Amino acid sequence: MTATWTLHPDRLLPAEPSTRAVARRLYAAVKDLPIISPHGHVPPEWIAQDIPFHDPTSLLITPDHYVCRLMHASGVDLADLGVNQGLLDEAAFRRAWRIFCESWPLYRGTPSRFWMETELVEIFGVTQRPSAATADAIYDQIAGCLARPEFRPRALMDSFDIALIATTDDPCDDLRHHEALRNEGYHRRVLPTFRPDRYLEPGRAEFPQLMGDLAAASGIDTGDYRGFIAALENRRAYFKAHGAVSTDHSHADVITLTLEEPEAARIYAAALAGTASEDEATALRRHLLVEMARMSVEDGLVMTLHPAVFRNHDPGALAAYGPDTGHDIPLAVEFTRGLQPLLARYGNADGFHLVLFTLDETVFSREIAPLAGYYRSVYAGVPWWFIDAPEAMRRFRGAVTETAGFTRTSGFIDDTRAFCSIPARHDMSRRVDCGVLAQLVVEHRLDEDEALDTAVALVAHNPRQVFKL
Amino acid sequence: MTATWTLHPDRLLPAEPSTRAVARRLYAAVKDLPIISPHGHVPPEWIAQDIPFHDPTSLLITPDHYVCRLMHASGVDLADLGVNQGLLDEAAFRRAWRIFCESWPLYRGTPSRFWMETELVEIFGVTQRPSAATADAIYDQIAGCLARPEFRPRALMDSFDIALIATTDDPCDDLRHHEALRNEGYHRRVLPTFRPDRYLEPGRAEFPQLMGDLAAASGIDTGDYRGFIAALENRRAYFKAHGAVSTDHSHADVITLTLEEPEAARIYAAALAGTASEDEATALRRHLLVEMARMSVEDGLVMTLHPAVFRNHDPGALAAYGPDTGHDIPLAVEFTRGLQPLLARYGNADGFHLVLFTLDETVFSREIAPLAGYYRSVYAGVPWWFIDAPEAMRRFRGAVTETAGFTRTSGFIDDTRAFCSIPARHDMSRRVDCGVLAQLVVEHRLDEDEALDTAVALVAHNPRQVFKL
Amino acid sequence: MTATWTLHPDRLLPAEPSTRAVARRLYAAVKDLPIISPHGHVPPEWIAQDIPFHDPTSLLITPDHYVCRLMHASGVDLADLGVNQGLLDEAAFRRAWRIFCESWPLYRGTPSRFWMETELVEIFGVTQRPSAATADAIYDQIAGCLARPEFRPRALMDSFDIALIATTDDPCDDLRHHEALRNEGYHRRVLPTFRPDRYLEPGRAEFPQLMGDLAAASGIDTGDYRGFIAALENRRAYFKAHGAVSTDHSHADVITLTLEEPEAARIYAAALAGTASEDEATALRRHLLVEMARMSVEDGLVMTLHPAVFRNHDPGALAAYGPDTGHDIPLAVEFTRGLQPLLARYGNADGFHLVLFTLDETVFSREIAPLAGYYRSVYAGVPWWFIDAPEAMRRFRGAVTETAGFTRTSGFIDDTRAFCSIPARHDMSRRVDCGVLAQLVVEHRLDEDEALDTAVALVAHNPRQVFKL
């Protein structure tokens, strides 16, 4: 390694010299554009209250399940990384940080490596590659930064140039932080997102309790199906009034169907009574996804789908550490048949936007691109979560573009809680897309002025248009 | 963009200089070989009657669902593009053409972009990139061409150097146009293809009606199963006598099974009476696919499968515009289990050829290549429809070649009704395959003389051998 | 072709000059490392008895179903290649060899081409490309080699530098050859592998017979379920005592479940009596896979899964030529749901190793990499069988690395009976991985010292660590 750790300006650009030359010119045009982040998981109170970050470990390691999971696989206990341990003491934070630095070789070839090195070098000015020998010095360097005002969330919002960021919120959330930001006239947009999964799954044991919460939040009696629907509409309106532009949905599948209202009402009542069968509960869930589309047609909120994950695959870890700790595992998914009932009703409805994300790459060319290339509502969501990485991004463009072009894709979504990784994530996407476009240019499939226009559109236009920003 | 719109001679060839140099040499050897088109959808009367093309829009836009679907997704009404509107007036043709030219950026990175630019520049001599500003001039340029004799179908057959073209025809078609061409001794081969899908789906409401048509066409009573089978054999023989070399099949799946004749006869009778259950009708369809294989073994017609598409996904568009208007959406498919009963009987039968196409790329390496690399009858069909494009073609060769080599692949199939796009489609395939072969050469996996031999074989030998031309 | 047939030193390395330069440096560091082969099918008696190879055809053609299948597809009878024909006479061996040499163009772009040319040139000193014209001379050249002592198995073990090789063995095998090798103090490791598939499939007609064999081999009464389990444990202990480090499993799926012991015992008794239903037999098989994991946790044997192949797809060939003659065809597979019951119990158990192989590439990024990137026991097996080839290896690294890195992968497995192809197979893997790593370096995603460390680890460390060598 070099004596001083630096990042090469051409990272992720294709190596072939003529391609790289084009890619550099495209990237130069987009690298400094403001960040638009229409879907993610940053807690809004961080920004609303401008809470200083506490320490390197709880900022960069503990909450990042991409980072923790590979260490777990290699034998590290999640507890030693602080997962679900409350606030550690200084020695434990340092120990966790050292474990991570010793584990640096695990991340070779992963996007976590790219994100983390970008954060360390570009945000915190680290000059040494992580290792056992450098762990303490890097910890001190970052801790020193975090003590300074220019590393508080709002200062970083400015230095990262995040023009807009969306959070993900429970339908019963009072959105007080969003309201506070709006009331004070904060100069960057921080939007809520309506994420109703649990309220749309009548098979959950806690469904009756959730219906009570929904009634309390909406002030509408959810004792019957009509009240339930009205309460959902009420909360969507509340979210919209607080700036929301989209709803997000993640169920085990995207199969849709429509029930007659009496049948939906009957199953709803059974679910409240705890007597709905699994099949009935599933049928109602699938019906409710169509209802969500109907509401989107009416209220204009963009509908995004992030389906087909086996949540909490490891029951031992769920018991010990809670959810979202690295053992959600993707499943195969099917859109063509599953979404047809929904699309037959609303696929070309005025103003309806439906963004399809997947962790199952097989549907990119087979299903998503053909749907997005025909239906007015459908957009191909860019790679998400496990496949939010250079090779997968290239596969996405390779699989989707030939059927749906570039205009029917969503623009980049960082989908992260790791606040400091946001610039690195958007930068990775910009670099990869510029490389893809450069390849089209050097193979004479696109003129360079067109590639330039497209590179800028993917960053500055597509997310605004798709998410109605 | 450059002042004059030109096409680079190295389009689609790999950018890396040593690879491009090899690819150029390979491409030089194949670029001018005659076009063999053993599967497509050009209406035979165009050639038989040498009907002049009417105008740029109805030639290049209205019937091309690749082109129309992306405009539809972006908000254009299919009616404004002339779909299902009968003959437009001149102003409407021009308006549709202008919409298309304004929509030119939609096609960036799609094969439609490549095909259309090749047609505009190489066939019609257009010198300006399509845009609102250039729409009228381009329209006039093409319209001017179409008025001239050298742009009538037979002149284009010659200038395109289409040595052979197959059409796709209903089993009850009298093939009068093919017969007329043969009778006059037309010097290029125009062949029919037997496409019996509807007649093999006893679950269709119109099945009894279709059986009546089949009886009328064949002169054989289709009142029972034996008559039905005899009538199918009769029509196949009729097609073969009119030059057909293949049959084509596209059902929702390729699951096969064999019924005992009494059971097949019983279900057939029930289907005629409208009393067959869905499961019975499906079982008979799957049995009939094996019957088609048996007949191919006996009469020598090549059997091609194009399965697993959800037809007419958008019922609103079906009602307004009819079928084949851009909303057929691919489905996952399975060959290994599904075709086993058929292949157990006929997989290695003398002279039987079975060509497997797919829109589900996952089966290329997993199922099609292993089947084509063992069974004498099976050939891997090249990418089709949505995946008939450079990146997908490269994925096809990458997925299939390592198991099945080059000799077990079908040769290029344009599968198009867009007559003027045929040379561009074959040219794309030739360029991409030369690039793939060049990569093998520069990685020292193939000697250049072998690559050259293979490049020529893929164009000149494989389609002739696979389709028995 | 060149006058003398030679192999380029840069075979399989990327063509782009800066990438090739890095790849060369990486490859130089690994090309001469000893071969570790922890899974394969070489008969142990070849080494134990140092049996001279008989002739070129029975060594290189007849037993290699990769080589035979493509000739079969092209019309060659397997009998003419010696398959299931007993010992041919000299003229027949020569005829078969000539057929192969004439068929050389079939293998363009396949790994068989690479392996065979490497064997011919590097082991046997062949200087002419195979063809009808050169067939006899090449045959004579190889036959001349085989008559010499330096071409006997043990001499080749030394010249190939195979430090360790594992065989695949029936649970009732007495492992006499492994024992003999150990007793004589042979200086290279030859290990058995416990492969119990047939004994874990209660639906097989021969299951009662197999239970009798198992009782005889173990000396334990297998008349009830407890005895059956004890007998399996006994044979695993026997294998372990004879050097085994792993067990291997290949069923139609990897669905797992756990039965209560009385239910397992009931089905077992029914299976012995021939009265178990297909569903019961399948349930017991799936339960037994979890039992195998339990035993691995207890005895430390590494568990490897090679699932989802339709065995003996062509019943005619099975009858004429027996199994393993080129018509096993891959199936789609599912791991996320299927393995969850097993992983919920043992996924993070101390010392448990579970290596997941697949012929269905769709699970690489969707399921295997996420599982291997979280569970301590799970490793991603490298491409196997049909996909054990350069393009597929690149797809594997492209699909797996971004989620699971390099450390969670198995190291190369040659899985072959073709003894002389072992060095070529490992060489291919090393070349391809060095190319993949070089691309990461020239795109500035990895420093070259890290790439070098990883290249060496993939060859020298990963197989030792994963297989506990």
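What you are looking at is a predicted structure, and each value in this text was computed from that prediction instead of being measured.

This part takes up the packing of aromatic side chains. All chains considered together, the criterion is met by 60 aromatic pairs over all chains. Ring geometry for B:Phe100 versus B:Trp104: centroids 5.9 Å apart, planes at 85°, classification edge-to-face. Pair check on accessibility: B:Phe100 and B:Trp104 agree, each one buried. Here the aromatic cluster, defined as three or more aromatic residues joined through ring pairs, consists of A:Trp5, A:Trp97, A:Phe100, A:Trp104, A:Tyr107 and A:Tyr139. Here B:Arg154 stacks its cationic end above the ring of B:Tyr186, 4.6 Å away from the centre of that ring. Of note, B:Arg408 hangs over the ring of B:Tyr379, and the distance from its end group to the ring centre comes to 4.3 Å.

The next subject is the interface of chain C and chain A. Across the contact, 43 residues belong to chain C and 52 residues belong to chain A. The contact between chain C and chain A buries some 3800 Å² in all, and 50% of this surface belongs to carbon and sulfur atoms. Considering only the side of chain C, the residues that lose the most area to chain A are C:Arg366, C:Tyr374 and C:Glu402, jointly responsible for 20% of the buried surface there. In this structure, the connection of chain C to chain A is made through nine salt bridges. If you look at where chain C meets chain A, you find 31 residue pairs in polar contact (both at pLDDT 80 or more). Within the residue set of the side of chain C that touches chain A, elements represented by two or more residues are helix H1 (17–30), helix H15 (340–346), helix H16 (362–372), helix H17 (390–404), helix H18 (422–442) and helix H19 (448–466) of chain C.

Attention shifts here to the interface of chain B and chain A. Contacts between the two partners involve 52 residues from chain B and, on the opposite side, 43 residues from chain A. With both sides pooled, the region where chain B packs onto chain A buries about 3800 Å², and carbon together with sulfur makes up 50% of that total. For the interface between chain B and chain A, the tally reads nine salt bridges. For B:Arg129, the salt bridge identified is with A:Asp449, shortest N-O distance 2.8 Å.

A few words on the sheet that holds strand E1 (residues 35–37) of chain A. Residues and elements named next belong to chain A. One open sheet holds the three strands; their spatial order is E1-E2-E3, and the pairing between them is parallel. Of all the strands in the sheet, just E1 and strand E3 (189–191) have a single pairing partner and so form its edges. Between one strand and the next, the sheet's axes are offset by a mean angle of 10°, whatever the strand orientation. Packed on one face of the sheet, helix H18 (residues 422–442) meets E1 and strand E2 (162–166) and runs near 100° to E1.

Turning our attention to the relation of the copies chain C and chain A. What connects the two chain copies is a rotation about an axis and a shift along it. Between chain C and chain A, which share one sequence, the superposing operator has a rotation angle of 120° and an axial displacement of 0.0 Å; the RMSD is 0.0 Å. Interpreted geometrically, this transformation is the action of a three-fold axis. Of the interface residues in chain C, just 5% have counterparts in chain A that sit at the interface too, so the contact is made through distinct surfaces.

Right, let's get into the pattern of salt bridges. Counted according to the given criterion, the structure contains 144 salt bridges over all chains. Among the salt bridges present, the one from A:Arg395 reaches A:Glu361, with a minimum N-O distance of 2.7 Å. In this pair, A:Arg395 is assigned in helix H17 (residues 390–404) and A:Glu361 in the loop between strand E8 (354–356) and helix H16 (362–372), connecting sequence segments 34 residues apart. By relative accessible area, A:Arg395 is classed as partly exposed at 27%. When salt bridges that share partners are traced, they join A:Arg11, A:Arg113, A:Glu117, A:Arg129, C:Asp447, C:Asp449 and C:Glu450 into one network.

Before going further, it helps to examine the side chain of B:Thr362. For B:Thr362, the position within the fold is in helix H16 (residues 362–372). Here the side chain of B:Thr362 touches B:Asp360 through a polar contact of 2.8 Å, side chain to side chain. A distance of 3.4 Å separates the side chain of B:Thr362 from the side chain of B:Arg366, its partner in a polar contact. Those residues in contact with B:Thr362 that sit more than four places away from it in its chain are A:Thr362, A:Arg366 and C:Thr362.

Here we take up the domain arrangement of chain A. All names here are of chain A. The assigned domain composition of chain A is domain 1 (54–151) and domain 2 (158–466). Centre-to-centre separation of domain 1 and domain 2, based on C-alpha positions: 30 Å. Between domain 1 and domain 2, the residue contacts involve 19 residues of the former and 21 residues of the latter. Here domain 1 packs against domain 2, burying approximately 1800 Å² in sum over the two surfaces, 67% of which is carbon and sulfur. Sorting the residues of domain 1 by area buried against domain 2 places His 65, Arg 69 and Trp 115 first, and these three jointly supply 31% of that buried surface. Counting the contacts that link domain 1 with domain 2 gives four residue pairs in polar contact (both at pLDDT 80 or more). Of all the elements, helix H6 (residues 111–123) adds the most residues to the side of domain 1 that touches domain 2, at six residues.

Turning to the sheet that holds strand E2 (residues 162–166) of chain C, a few remarks are in order. Residues and elements named next belong to chain C. Within the open sheet, the three strands sit side by side as E1-E2-E3. Their pairing is parallel. The open sheet has two free edges, formed respectively by strand E1 (35–37) and strand E3 (189–191), since each of these has just one partner strand. Put simply, the sheet's adjacent strands are angled 10° from each other on average, direction ignored. Here H18 sits on the sheet and contacts E1 and E2; the angle it forms with E1, its principal contact strand, is near 100°.

It is worth spelling out the state of the cysteines at this point. Overall, the coordinates contain zero disulfides over all chains when judged by the stated rule. In this model A:Cys420 remains outside any disulfide bridge; the closest cysteine sulfur is found in A:Cys145, 10 Å from its own.

A few words on the relation of the copies chain B and chain A. Once turned by 120° and shifted 0.0 Å along the axis, chain B lies on chain A with an RMSD of 0.0 Å. Mapped onto chain A, only 4% of the interface residues of chain B again fall at the interface, so the copies present different surfaces.

All names here are of chain A. Taking 1.5 Å of rise per residue, the 13 residues of helix H5 (residues 90–102) would be expected to cover 18 Å, and the 18 Å separating its terminal C-alpha atoms lies within 8% of that figure. Looking only at H5, the buried set comprises Ala 92, Phe 93, Ala 96, Trp 97, Ile 99, Phe 100 and Cys 101. Buried residues along H5 sit against helix H3 (56–60), helix H4 (65–73), H6 and helix H7 (135–146).

The subject of this paragraph is the pairing of strand E4 (residues 246–249) of chain C. Residues and elements named next belong to chain C. The alternating pattern of E4 places Ser 246 and Asp 248 and Thr 247 and His 249 on opposite faces, both of which are buried. As paired elements, E4 and strand E5 (residues 302–305) share four bridges and run parallel to each other. Bridge pairing in E5 links Asp 248 to Thr 304.

Turning next to the environment of B:Ala230. Residue and element names in this part refer to chain B. Its location among the elements puts Ala 230 in helix H11 (residues 225–241). Relative accessible area serves as the criterion here: at 28%, Ala 230 is assigned to the partly exposed category. Taking the C-alpha atoms as reference points, Ala 230 and Glu 102, separated by 128 residues in sequence, lie 54 Å from one another.

In a pair of packed helices, the angle between the axes and the distance between the axes together describe the arrangement. Residue and element names in this part refer to chain C. Where H18 contacts H19, the axes come no closer than 10 Å and their chain directions differ by 160°. Overall, the two elements H18 and H19 adopt an arrangement that is roughly antiparallel. Relative to H19, H18 is oriented so that their crossing is right-handed. Facing Arg 430, Asp 433, Cys 434, Leu 437 and Val 441 of H18, the residues of H19 in contact are Glu 448, Ala 451, Thr 454, Ala 455, Leu 458 and Val 459.

All names here are of chain C. Taking 1.5 Å of rise per residue, the 21 residues of H18 would be expected to cover 30 Å, and the 30 Å separating its terminal C-alpha atoms lies within 8% of that figure. Within H18, 19 of the 21 residues are buried, leaving the element largely enclosed by the surrounding structure. One or two steps after H18, the chain reaches His 444, where phi turns positive at roughly 60°.

On to unusual backbone geometry, then. Residues and elements named next belong to chain A. Despite not being glycine, Asn 312 shows a phi value in the positive range, around 55°. Examined against the element boundaries, Asn 312 turns out to sit in the loop between strand E6 (309–310) and helix H14 (315–321). Phi at Trp 385 is positive, roughly 60°, even though this residue is not glycine.

Let us look at the side chain of B:Thr19. As for its position among the elements, B:Thr19 is in helix H1 (residues 17–30). In this structure B:Thr19 comes out as buried when scored by relative accessible area, which is 5%.

Residues and elements named next belong to chain A. The interhelical angle for the contact between H5 and H7, taken along N-to-C directions, is 120°, at an axis separation of 9 Å. The orientation of H5 with respect to H7, classified from their angle, is oblique. Along this stretch, H5 crosses H7, giving a crossing that reads as right-handed. For the pair H5 and H7, the contacting residues are Glu 90, Phe 93, Arg 94, Trp 97, Arg 98 and Cys 101 in the first and Ala 135, Asp 136, Ile 138, Tyr 139, Asp 140 and Ile 142 in the second. Tallied by class, residues from the contact of H5 with H7 come to seven nonpolar, no polar and five charged.

Parameters at a glance
Residues numbered from 1 in each chain as written. Chains lettered and ligands numbered in written order. Predicted model: local features only at pLDDT ≥ 70, side-chain atom pairs only at ≥ 80, totals over all residues. Heavy atoms only, no water. Phe/Tyr/Trp six-rings, centres within 6.5 Å; stacked < 30°, edge-to-face > 60°. Buried < 20%, exposed > 50% of the residue type's maximum accessible area, 1.4 Å probe, protein only. Lys NZ or Arg CZ within 6 Å of the ring centre and 35° of its normal. Contact = heavy atoms within 4.5 Å. Buried area = accessible area lost by both parts, 1.4 Å probe. Salt bridge = Lys/Arg side-chain N within 4 Å of Asp/Glu carboxyl O. Polar contact = N/O pair within 3.5 Å; in protein donor to acceptor, adjacent residues only side chain to side chain. Helix = DSSP H or I, 4+ residues; strand = E, 2+ residues; numbered from the N terminus. Pairing = 2+ DSSP bridges. Axes fitted to C-alpha atoms, helices over the stretch in contact; angles between N-to-C directions. Least-squares fit on C-alpha atoms with pLDDT ≥ 70 in both. Domains from an automatic or database assignment. Disulfide = S-S within 2.5 Å. Expected span 1.5 Å × (residues − 1). Parallel < 35°, antiparallel > 145°, perpendicular 65-115°, else oblique. Left-handed = near helix turned anticlockwise from the far one by under 90°. Nonpolar A, V, L, I, M, F, W, Y, C, P; charged D, E, K, R; others polar.

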